[in-house]
Each structure stands twice: as C-alpha cells, then as structure tokens.
Amino acid sequence: MKQFVIEQKATMLINQYRLYAADAGGGKQEQIGFAEQKRFSFKEKFEVFSDEQKSSVLFTVQARKALDFGSRYDIYDAKGKTIGVLGKAFKTSLLRSTWQIFAVGQEDQPIAIAQERHRGIAVFRRLWTLLPEVGDFPFFIRYHFDFIATGDQAVVGSFNKTTRLYDHYLLHAEDSLLQQTDWRTLIALGIMLDALQGR
C-alpha cells in the first residue's frame, strides 16, 4: 500500500503541483515531485520533475489527440518508455467523472476505473459551475474518487479531497493495484483529476 499527498497552487496561467509521500495516517513526508501544467492548453502535456528546481524528469504525461475529450493519455518515464495509459470515459463523465486505468499494451480492457464516489454531489458540482456569479467560487463540498478494479469490483484505491477551499488531496493505492500499474501513473491520474475536472 502506498499513499501520496498532492497539493495544487493555481496561478493565472499555470497550475503548480507539489507531490509528497504520505505515511499510513495520510501525513506528509518528503517531497517527491513537482509539476506545472498550463491551464487552457489544447493538447495536454506536462512534465513532473523530481524537485522544484526541475533537476530531473520523473515522468511525462502526453495526450494522444488535441481537443478530444475521450483521448488516451500516455505516461512516459524519463527515458521515454511508456509506463502507463489513462483514458477518460467521456459519456459517463457527463454526469459522474470516470477515468480508466490501463495496463501497458492492454488497452482493450481497463484494469480499474476511477469514479466520483457520490453521484448526487457529482451532479450538484456540475450545476454549481453553471450558476451565475456563484459558479466562480470554489465548490464548497469535498468530493472524492474511488479506484475500482474492473474484475471483482473491489475498491483498490481512492483520491480524497482533504480541504474545502484548497485543492489538496490524499491518494491511496492498494498493493493489488500497484502490482498492475506503475505508481507514477496514479500520480498522473491524481493531477489530471484536479486539472481536467471541468471537462
């Protein structure tokens, strides 16, 4: 089992993410990564670095197509080797955000999905963004995701928002999920669950 803390700081044009290992209780330990993701970019691509000085690349996320809301995203290690594949289930996500986690080279069936835990909150969150003026304020109810294995439907991880006004999250992954996908793929998913929530 592994846990990570993901903290986002938004600027005018860039989302910054600080990534930490977490202990069993969800407390922050050492910082393990730093990322910057351009807001409103048409073709999602961003690099995650080992530190804020950008000393070395930890991994890269690259969308296969521009302006394709159901696009697949490849995750590459520092040497350019594919270590994971993610995809958004676009139709399902219209009412309840759902992402698919694929094993490398096996994209016919995801090994797990990440789905908003509460259907009612998911719908309310979408309505909130449509309200004049109100929708410009941060959504005040914390929302969470469960990682569900496609085989036995077991919950094999989670992505929990830990604050109301700030985008801070705790990512939890069971060993059964980590045995099938690289932990960096799950970190990439956590960043994208924040960065692409409105789409």
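Quick look at the structure, then.

**Re the packing of aromatic side chains**
- Scanning the model with the defined rule gives 4 aromatic pairs in all.
- Each ring, one from Tyr 73 and one from Trp 99, has its centre 5.8 Å from the other, and the planes form 45 degrees; the classification is tilted. Remark: Trp 99 occurs in strand 8 (residues 98-102) and Tyr 73 occurs in strand 6 (residues 72-76); sequence separation between them is 26 residues.
- Ring-pair connections join several aromatic residues into one group, and the members of that group are Phe 145, Phe 159 and Tyr 169.
- The side chain of Lys 28 reaches across the aromatic face of Tyr 20, ending 4.5 Å from its centre.

**Regarding a nonpolar patch on the surface**
- On the surface, Phe 90, Leu 94, Leu 95, Val 123, Phe 124, Leu 127, Leu 130 and Phe 140 cluster together into a nonpolar patch covering about 750 Å² of accessible area.
- Here the nonpolar patch gets 4 residues from one element, more than from any other, and that element is helix 2 (residues 119-130).
- Mapped onto the fold, Phe 124 is located in helix 2.
- The partly exposed category is assigned to Phe 124, whose relative accessible area is 33%.

**Some remarks on the side chain of Lys 161**
- Inspection of the secondary structure assignment puts Lys 161 in strand 11 (residues 155-161).
- Of the polar contacts made by the side chain of Lys 161, one reaches the backbone oxygen of Thr 163; its length is 2.8 Å.
- Those residues in contact with Lys 161 that sit more than four places away from it in its chain are Arg 142, Tyr 143, His 144, Tyr 166, Asp 167, His 168 and Tyr 169.

Conventions and cut-offs
- Residues numbered from 1 in each chain as written.
- Predicted model: local features only at pLDDT ≥ 70, side-chain atom pairs only at ≥ 80, totals over all residues.
- Heavy atoms only, no water.
- Phe/Tyr/Trp six-rings, centres within 6.5 Å; stacked < 30°, edge-to-face > 60°.
- Helix = DSSP H or I, 4+ residues; strand = E, 2+ residues; numbered from the N terminus.
- Lys NZ or Arg CZ within 6 Å of the ring centre and 35° of its normal.
- Patch = residues over 30% accessible without salt bridge, like charges linked within 9 Å, V, L, I, M, F, W, Y side chains within 5 Å.
- Areas by Shrake-Rupley, 256 points an atom, 1.4 Å probe, with all protein chains shown as cover.
- Salt bridge = Lys/Arg side-chain N within 4 Å of Asp/Glu carboxyl O.
- Buried < 20%, exposed > 50% of the residue type's maximum accessible area, 1.4 Å probe, protein only.
- Polar contact = N/O pair within 3.5 Å; in protein donor to acceptor, adjacent residues only side chain to side chain.
- Contact = heavy atoms within 4.5 Å.

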